Amino acid sequence: MSTRKIQSALISVFHKDNLEPIVRKLNELGVTIYSTGGTEKFIKDLGVDVVAVESVTDYPSIFGGRVKTLHPKIFGGILHRRENASDMAEVSEYDIPAIDLVIVDLYPFEETVASGASEADVVEKIDIGGIALIRGAAKNFNDVLIVSSRKYYADLQLILDDKGGETTLSDRKLFAARAFETSSHYDSAIFNYINSDHALDVFKLSSSPARTLRYGENPHQNGYFYGDLSEYFDQIHGKEISYNNLVDIEAAVQLIAEFDETAFAILKHNNACGVAIGKSVSEAYHLAFAADSVSAFGGILVTNKEVDAEAAEEMHDLFFEILIAPSYSESSLEILKQKKNRILLIQKKAWRENTQYKSLLGGTIVQDYDLKSENDTDLEIKTKKVPTKEEVEDLVFAAKVCKQSKSNTIVLARNKQMLASGVGQTSRVDALKQAIEKAGNFGLDLRGAVMASDAFFPFPDCVEIAGKAGITAVVQPGGSVKDQLSIDYCNEHKLAMVFTGTRHFKH
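This structure is a prediction, so every number in the text was calculated from the model and none was measured.

Thresholds, definitions, all that
Residues numbered from 1 in each chain as written. Predicted model: local features only at pLDDT ≥ 70, side-chain atom pairs only at ≥ 80, totals over all residues. Heavy atoms only, no water. Helix = DSSP H or I, 4+ residues; strand = E, 2+ residues; numbered from the N terminus. Rg over C-alpha atoms; globule rule 2.2 N^0.38 Å. Buried < 20%, exposed > 50% of the residue type's maximum accessible area, 1.4 Å probe, protein only. Contact = heavy atoms within 4.5 Å. Areas by Shrake-Rupley, 256 points an atom, 1.4 Å probe, with all protein chains shown as cover. Lys, Arg positive; Asp, Glu negative; His and termini not counted. Charge placed at Lys NZ, Arg CZ, Asp CG, Glu CD. pLDDT = per-residue confidence, 0-100. Axes fitted to C-alpha atoms, helices over the stretch in contact; angles between N-to-C directions. Left-handed = near helix turned anticlockwise from the far one by under 90°. Nonpolar A, V, L, I, M, F, W, Y, C, P; charged D, E, K, R; others polar. Pairing = 2+ DSSP bridges. Core = buried A, V, L, I, M, F, W, Y, C linked by side-chain atoms within 4.5 Å. Salt bridge = Lys/Arg side-chain N within 4 Å of Asp/Glu carboxyl O. Patch = residues over 30% accessible without salt bridge, like charges linked within 9 Å, V, L, I, M, F, W, Y side chains within 5 Å. Arc of directions from axis to C-beta. Phe/Tyr/Trp six-rings, centres within 6.5 Å; stacked < 30°, edge-to-face > 60°. Lys NZ or Arg CZ within 6 Å of the ring centre and 35° of its normal.

## Describing the overall build of the chain
Thinking step 1. When its secondary structure is counted, the chain shows 18 helices and 23 strands.
Thinking step 2. Its C-alpha atoms give the chain a radius of gyration of 31 Å, more than 25% over the compact-globule value 23 Å for 507 residues.
Thinking step 3. The principal-axis extents of the C-alpha atoms in the chain amount to approximately 95 × 50 × 40 Å.
Thinking step 4. The 507 residues of the chain split such that 49% are buried.
Thinking step 5. Taking the intrachain contacts of the chain between residues at least 6 apart in sequence as the baseline, contacts between residues at least 24 apart amount to 56%.
Thinking step 6. Total accessible area on the chain is roughly 24,600 Å²; 51% of this is exposed by carbon and sulfur atoms.
Thinking step 7. Put simply, the chain has 55 plus and 72 minus side-chain charges, and the middle of one group is 3 Å from the middle of the other.

Below, the structure is given as structure tokens:
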């Protein structure tokens, strides 16, 4: 039979939220309810009859509750095949009660890890009986309905209310798929916690829920996002976020996380076309926009301070896709929400992730995120000329922007304002020439500016070109066997140069 009537249920849950209406409906339908521990007490307190699991197994809960439902009478009641004569004979012989519905809500393992709890507390939240019940019931989807998480309670309630507790094979198979997703995700989280030192060279990542995007990178490609965007953002206005939006959003929050002072950045295709520090969000926006007012069209805007009405007025006439900020004044929202498709995001916490994944060649590469950022104490002066205090501040600023730009990249800056950049070039010389040309196109004088490079200079050509353009100080990682050639040129032409010792390729 493809249709099954729920006549008995085993309920064992950690969270009791929204469980009451299900219990009462099961009771109304005459369903025999089995339970144990805290769930049994919860059901009894509702005034609903419940059969203690211990009375079925003739065995008490032991080891502080670690072993409660792990017994042949419980798993036999779940796993026996209703249309198999041999199974049914054994059910009768051993007096095993049939269990048609299993409701489980697992111990909150991931939440316990995230809380910073001790290893002992985390280990106690590794659910054993619950995960076994989920797998057993899901395996026997032909006969049993498994509800593996409280997030599926509403769907179960519909079956009870609308179908009188009758389930179809398609119902049970859907819930079984959900159950195996629950168990595999749970086990992956446990594995990654236990294997945090990477003792086993195994990659496991489970991410949910999925969001179907309008399309992928291009309209002819399908796109999906797996993860919880609400962990970082609240969307308070605008159209649905797209695949390309998500990629740009990550680039934007990675960049703005580099700064503590009031900062504003405008990005296009993952690269900054304008970044600046200002006394206010309005001033920082104005300075960032000045670096490339053409590329800013259709860009992603991000700041690390509250957007007020003055800043909103400044940027309102610009067509942009997204604005990201930690907060907005009411008056700013009245202005910004006048464009219905404009995406406004509240960033709830600063970006911080430790591990980066990328799929390629049918596999996955994994690395630590580049979380190292330079400050003034990381700069090693390599030239006779020592950079001024203002140049040091600009060098640190430019190095941070450079780090968050696609390689090969050169960033030119002055007074904590990016004047221009050359990004994603196959030649560092080309990146520099692109930056100088862009600065000229927007009328930005490079005299007294600084230059940052994401990698070393193998030849002195870049510092020569930069010096002739008016650059007075340079920051680079160093590390070339020909570093001295660039140092010599700087000494001969009175440029300051500092090394950071850290390369920041970004692809």
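## Here we look at the confidence of the model for the chain
Thinking step 1. Of the residues in the chain, 99% have a pLDDT of 70 or more, and the chain-wide mean is 93.
Thinking step 2. By mean pLDDT, the top-scoring element of the chain is strand β15 (residues 343-347) (98), and the lowest-scoring one is helix α3 (residues 53-57) (84).

## Overview of the packing of helix α8 (residues 129-139) against helix α10 (residues 169-194)
Thinking step 1. α10 packs onto α8 with a crossing angle of 150 degrees between their chain directions and a minimal axis gap of 9 Å. Between α8 and α10 lies a crossing whose hand is left-handed. Between α8 and α10, the residues in contact are I131, I134, R135, A138 and K139 and A176, A179, F180, T182, S183, Y186 and D187, respectively.
Thinking step 2. Considered class by class, the residues forming the contact of α8 with α10 number seven nonpolar, two polar and three charged.

## Let's talk about the sheet that holds strand β4 (residues 51-52)
Thinking step 1. The five strands are arranged β4-β3-β2-β5-β6 in an open sheet whose pairing can be described as parallel. Pairing within the sheet leaves two strands with one partner each, and these edge strands are β4 and β6 (145-147).
Thinking step 2. Here strand β3 (residues 32-35) runs beside β4; their pairing, made up of two bridges, is parallel. Within β4, the position partnered with S35 by the bridge is A52.
Thinking step 3. Sheet strands in contact with α8 are β2 (8-13), β5 (101-105) and β6, and its direction is about 145 degrees off that of β5.

## Let's talk about the nonpolar core
A general tendency of soluble globular proteins is for nonpolar side chains to be buried together.
Thinking step 1. Among the nonpolar cores identified, the biggest contains 45 residues, and V275 and I324 are the most heavily contacted of them.
Thinking step 2. If near-sequence neighbours (up to four positions away) are discounted, I324 is found in contact with F233, I249, A252, V253, I300, L301, V302, T303, L345 and Q347.

## Description of the pattern of salt bridges
Thinking step 1. Applying the stated criterion across every chain, the model contains 23 salt bridges.
Thinking step 2. Here E261 ties to K416 by a salt bridge, and the two come within 3.0 Å at their closest N and O atoms. One end of the pair, E261, is in the loop between α11 (243-256) and β11 (263-268); the other, K416, is in the loop between β19 (410-414) and β20 (417-422), with 155 residues separating them in the sequence.
Thinking step 3. With relative accessibility at 41%, the residue E261 sits in the partly exposed group.
Thinking step 4. The shortest N-O distance in the salt bridge between R428 and D454 comes to 2.3 Å. With R428 in helix α16 (residues 428-441) and D454 in the loop between β21 (450-453) and α17 (461-469), the pair connects residues that are 26 residues apart, well separated along the chain.

## Focus on a nonpolar patch on the surface
Thinking step 1. Nonpolar side chains collect at one region of the surface, where F203, L205, Y357 and V366 lie side by side and expose about 370 Å² of accessible area between them.
Thinking step 2. Assignment of secondary structure puts Y357 in strand β16 (residues 355-360).
Thinking step 3. On the basis of relative accessible area, Y357 is assigned to the partly exposed category, the value being 40%.

## Brief notes about a negative patch on the surface
Thinking step 1. A contiguous patch of negative charge on the surface is contributed by E306, D308, E310, E313, E314 and D317.
Thinking step 2. Take E310: its relative accessible area is 49%, and that puts it in the partly exposed class.

## Digging into the side chain of Q254
Thinking step 1. Relative to the helices and strands, Q254 resides in helix α11.
Thinking step 2. Taking relative accessible area as the criterion, Q254 reaches 7% and is therefore assigned buried.
Thinking step 3. Those residues in contact with Q254 that lie beyond four places of it in its chain are W351, Y369, Q404 and K506.

## Looking at helix α2 (residues 37-45)
Thinking step 1. T39, E40 and I43 are the residues of α2 that are buried. Buried positions in α2, seen along its axis, are confined to an arc of 100 degrees and lie on one side of it. Facing away from the buried surface of α2 by more than 90 degrees, the exposed residues are K41 and D45.
Thinking step 2. Buried residues along α2 sit against β2, α1 (20-28), β3, β4 and α3.
Thinking step 3. Downstream of α2 by a residue or two, G47 has a phi angle that is positive, lying close to 80 degrees.

## Quick look at the packing of aromatic side chains
Thinking step 1. Evaluation of the coordinates by the stated rule reveals 10 aromatic pairs.
Thinking step 2. Judged by centre distance (4.9 Å) and plane angle (85 degrees), the rings of W351 and Y369 are edge-to-face. Highlighted residues: W351 in the loop between β15 and β16 and Y369 in the loop between β17 (363-368) and β18 (380-381), separated in sequence by 18 residues.
Thinking step 3. Exposure remark for W351: the relative accessible area of 11% places this residue in the buried category.
Thinking step 4. Owing to a relative accessible area of 14%, Y369 belongs among the buried residues under this scheme.
Thinking step 5. Ring-pair connections join several aromatic residues into one group, and the members of that group are F109, Y186 and Y193.
Thinking step 6. Stacked on the ring of Y232, the Lys or Arg K349 has its end atom at 5.0 Å from the ring centre.

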